[in-house]
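These are the residues of each chain, in order.
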2 protein chains.
Amino acid sequence: MKNIIIASTSTIHGSEYLEYLLDELAVFFKKASTILFIPYARPSGITHDEYTLKASEAFNKIDKKVIGIHTFKNPIEAIEKAEAIFVGGGNTFVLVNQLYKNKLFTAIKEVVENGTPYLGTSAGSNICGLTMNTTNDMPIVQPPSFKTIGLVPFNINPHYLDPDPNSTHKGETRETRIKEFHAYNSQPVVGLREGSWLAVKGNTIILKGEHTARIFKHNQEPFEVKPETSLSDLK
Amino acid sequence: MKNIIIASTSTIHGSEYLEYLLDELAVFFKKASTILFIPYARPSGITHDEYTLKASEAFNKIDKKVIGIHTFKNPIEAIEKAEAIFVGGGNTFVLVNQLYKNKLFTAIKEVVENGTPYLGTSAGSNICGLTMNTTNDMPIVQPPSFKTIGLVPFNINPHYLDPDPNSTHKGETRETRIKEFHAYNSQPVVGLREGSWLAVKGNTIILKGEHTARIFKHNQEPFEVKPETSLSDLK
């Protein structure tokens, strides 16, 4: 049975890395003593070691050990044997490119569908959707495909931002960008605000956290859903 | 001799489409009565016809006729015969994908290097750089390559935005994104603020408009350059 947390962000304003989620994660990862960390997204270009240390420091607070996948000779085997998986944020293009390079998409999909708990934040959440077409990241490298794992039958837009009515900037709003996405693609998009996450258990998908989420369906006006709403039928 | 305007944006706050540039464009396009418009970037998903109408309305004010490239049977021939070219903004992925589909990169490069005046705004400016890796746009479609025309020997980041010191949002700042770009790529990036443009004449590249631009070189601290600075040696 799938057991997944798809979080908008690792860090909310005024708190430490993963702090807002730690109580939830202590329960979520209760059967795991060690978490396999995939640091490929390299936020700010930091190394895999540096990023793994950062994740370790957070998980130490709930007595979990963290091992970076880059320290294994055989990363596919590392995924198959993992008690739990955490894919951190950073740049989605870099993450997806490295996952393709190491041929890890199939392995991750298989173990997660068979019950290995999976936590994704930001880029690590984007890849749970059908494609990475709704990432906010800069395309600093070119992955062979934008297709991602598809653990849920829609796309994720993490760090969802409402239009700023006072802005004088002429770059597109997030809503405009997702509208443009729907000129070429038909799957729904879940705009997850910072501090929100989706809890996936088997076929059930529930919005968690304090905020509403914004749902974009093809050829429909976007709408808000409240925390604890089921998105199990969204597709 | 190359004759190019690479503009950060088509529209600045509080003014009409292209209005801030019209005096400049009347001089820039003085030998052309008709401008070939490439509407492929489709801002907000509008049609090629709708977008061409919008460009027409602006250029009518300086007595120029605008024809959309989508109305030609043979778009390569349309480029070869054009008196002047304007590539409008929108989504860079959509623009680049369509340019590859219609095999237009070589034709544009050839005519522009031979003197056909070229105006780019936003996405139309991104493609003047070496690659589209520093676009701000959402990757809503997947082009076959991120390589672009390379009319200048660096990359462009249009709509450049300074970090907002009051923001509580955890998405990456523009500077962080470009720093991440430089973990994988070595060419410089010119961060062009809205209202700025690069005037390229032959081998001379000058920053124009009221604002400074931010220059990002590989393994160096970013720095500001003032209007009228030459970027001819930047590579």
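Whatever comes next refers back to the structure up there.
In this report, the structure presented in the accompanying data block is examined. On a predicted model such as this, the values are computed, not experimentally measured, just so you know.

Focus on the environment of H211(A)
Residue and element names in this part refer to chain A. By secondary structure assignment, the location of H211 is in the loop between strand 9 (204–208) and strand 10 (213–216). Note: C-alpha distance between H211 and Y51 (160 residues apart in sequence) is 28 Å. If near-sequence neighbours (up to four positions away) are discounted, H211 is found in contact with R193, E194, G195, S196 and P227.

As for the relation of the copies chain A and chain B
Taken together, a rotation about one axis and a shift along it account for how the two chain copies relate. The operation relating chain A to chain B is a screw motion whose rotation component is 180°, with 0.0 Å of axial translation and a residual RMSD of 0.0 Å. In short, the pair behaves as if placed about a two-fold rotation axis. The residues that chain A uses at the interface reappear at the interface of chain B in 100% of cases, marking a shared surface.

Describing the sheet that holds strand 6 (residues 155–157) of chain A
Residues and elements named next belong to chain A. Read from one edge of the open sheet, 4 strands run 6-7-10-11, paired in mixed fashion. Edge positions in the sheet fall to strand 6 and strand 11 (223–225), since each of these pairs with one other strand and no more. Neighbour-to-neighbour, the strand axes of the sheet open up by a mean angle of 30°, direction not taken into account.

Looking at the pattern of salt bridges
All names here are of chain A. Scanning the model with the defined rule gives 16 salt bridges over all chains in all. With its nearest N and O atoms 2.8 Å apart, the salt bridge here joins R193 to D162. Remark: D162 occurs in the loop between strand 6 and helix 7 (174–181) and R193 occurs in the loop between strand 7 (189–191) and strand 8 (197–201); sequence separation between them is 31 residues. The exposure class of R193 is buried, given its relative accessible area of 12%. The exposure class assigned to D162 is partly exposed, which follows from its relative accessible area of 41%. Each member of the salt-bridge network shares a partner with another, and the members are D162, E175, R193, R214 and E224.

Points about the interface of chain A and chain B
A common way to express how large an interface is: the accessible area buried when the components associate. Listed per partner, the contact involves 46 residues of chain A and 46 residues of chain B. With both sides pooled, the region where chain A packs onto chain B buries about 3,800 Å², and carbon together with sulfur makes up 56% of that total. At the junction of chain A and chain B, the tally comes to 0 salt bridges. One can count 16 residue pairs in polar contact (both at pLDDT 80 or more) joining chain A with chain B. Listed by contribution, the elements that provide at least two residues to the side of chain A that touches chain B are helix 4 (92–101) and helix 7 of chain A. Per-element tally for the side of chain A that touches chain B: the top contributor is helix 7 of chain A, with 7 residues.

Considering the sheet that holds strand 11 (residues 223–225) of chain B
Residues and elements named next belong to chain B. Strand order in the open sheet formed by 4 strands is 6-7-10-11, with mixed pairing between adjacent strands. The open sheet has two edge strands, strand 6 (155–157) and strand 11, and neither has a second partner. Ignoring strand direction, the axes of neighbouring strands in this sheet form an average angle of 30°. Both strand 6 and strand 7 (residues 189–191) contribute to a ladder of 3 bridges, which runs parallel. In the strand pairing of strand 7, N155 is matched with V189.

Overview of helix 5 (residues 105–113) of chain A
All names here are of chain A. Taken together, the buried positions of helix 5 are occupied by F105, A107, I108, V111 and V112. All buried residues of helix 5 project into a common sector of 165° when viewed along the axis, lining one side. Of the residues one or two after helix 5, G115 is the one with positive phi, at around 110°.

Brief notes about unusual backbone geometry
The residue K103(A) is not glycine, and still its phi comes out positive at about 55°. Turning to its location among the elements, K103(A) is positioned in the loop between helix 4 and helix 5.

Notes on the layout of surface pockets
It is the rolling of a water-molecule-sized probe over the atoms that shows where space remains empty. In this structure, the largest pocket spans a volume of roughly 1,400 Å³. As for the largest pocket, its lining consists of 40 residues, of which L161(A), S167(A), H169(A), L161(B) and R174(B) are closest to the centre. Those elements that provide at least two residues to the lining of the largest pocket are helix 7 of chain A together with helix 7 (174–181) of chain B. When grouped by side-chain class, the residues that make up the lining of the largest pocket number 8 nonpolar, 18 polar and 14 charged.

Section: the packing of aromatic side chains
Here the structure, examined in full by the defined rule, presents 20 aromatic pairs over all chains. Ring plane angle 65° and centroid distance 5.8 Å describe the contact between F29(A) and F59(A), whose orientation is recorded as edge-to-face. Residue F29(A) is found in the loop between helix 1 (22–28) and strand 2 (34–38), and its partner F59(A) is found in helix 2 (residues 48–60); the two are separated by 30 residues along the sequence. Residue classification places F29(A) among the buried positions, given a relative accessible area of 0%. An angle of 35° between the planes, with centres 5.0 Å apart, marks the rings of F37(B) and F86(B) as tilted. Residue F37(B) is located in strand 2 (residues 34–38), and its partner F86(B) is located in strand 4 (residues 85–87); the two are separated by 49 residues in the primary sequence.

Some remarks on the side chain of T148(B)
Residues and elements named next belong to chain B. With respect to the helices and strands, the residue T148 is situated in the loop between helix 6 (123–126) and strand 6. Taking the relative accessible area as the measure of exposure, T148 reaches 8% and is therefore buried. A distance of 2.7 Å separates the side chain of T148 from the backbone oxygen of G129, its partner in a polar contact.

Criteria and cut-off values
Positions within a chain are numbered from 1, following the residues in the order the chain's sequence is written. Naming scheme: in the order in which they are written, chains are lettered from A and ligands are numbered from 1. Thresholds applied to this predicted model are a pLDDT of at least 70 for local features of residues and 80 or more for the giving and counting of side-chain atom pairs; totals over whole chains, interfaces and linings are not thresholded and use all residues. Where side-chain values are given, they derive from all heavy atoms of the structure, hydrogens and water being excluded. Under the scheme used here, helices are H or I runs from DSSP no shorter than 4 residues and strands are E runs no shorter than 2 residues, and both carry numbers assigned from the N terminus. Residues are treated as being in contact if the distance between any of their heavy atoms lies within 4.5 Å. Our superposition of the copies is a least-squares fit, built on the C-alpha atoms of residues whose pLDDT is at least 70 in both. Following DSSP output, two strands are said to pair if at least two bridges run between them. Here, axes are lines fitted to C-alpha atoms. For helices the fit covers the stretch in contact, and angles between N-to-C directions go from 0 to 180 degrees. We define a salt bridge as a side-chain nitrogen of Lys or Arg found within 4 Å of a carboxyl oxygen belonging to Asp or Glu. Three labels apply to residues, based on accessible area from a 1.4 Å probe with only protein chains included: buried if under 20% of the type maximum, exposed if over 50%, partly exposed otherwise in between. Defined in terms of a 1.4 Å probe, buried area is the accessible area two parts forfeit on being brought together, summed over both. Side-chain atoms alone can form a polar contact between residues adjacent in sequence; in general such a contact is a pair of N or O atoms within 3.5 Å, and within protein one must be able to donate a hydrogen while the other accepts it. Note that the arc is defined by the directions from the helix axis to the C-beta atoms. Points on a 1 Å grid, built from protein atoms alone, make a cavity when a 1.4 Å probe fits but cannot get out and make a pocket when they are open with protein on both sides within 12 Å along at least 5 of 7 lines; residues with an atom within 4 Å of a point are the lining residues. Grid points are joined across faces, edges and corners, and a volume is the space filled by probe spheres set on the points. Each residue is assigned to one of three groups, with Ala, Val, Leu, Ile, Met, Phe, Trp, Tyr, Cys and Pro labelled nonpolar, Asp, Glu, Lys and Arg labelled charged, and all others, Gly among them, labelled polar. Pairing of aromatic side chains requires ring centres within 6.5 Å, counting the rings of Phe and Tyr and the six-membered ring of Trp. Pairs whose planes differ by under 30 degrees are stacked, by over 60 edge-to-face, and all others tilted.

What is shown is where atoms sit, not what they do.
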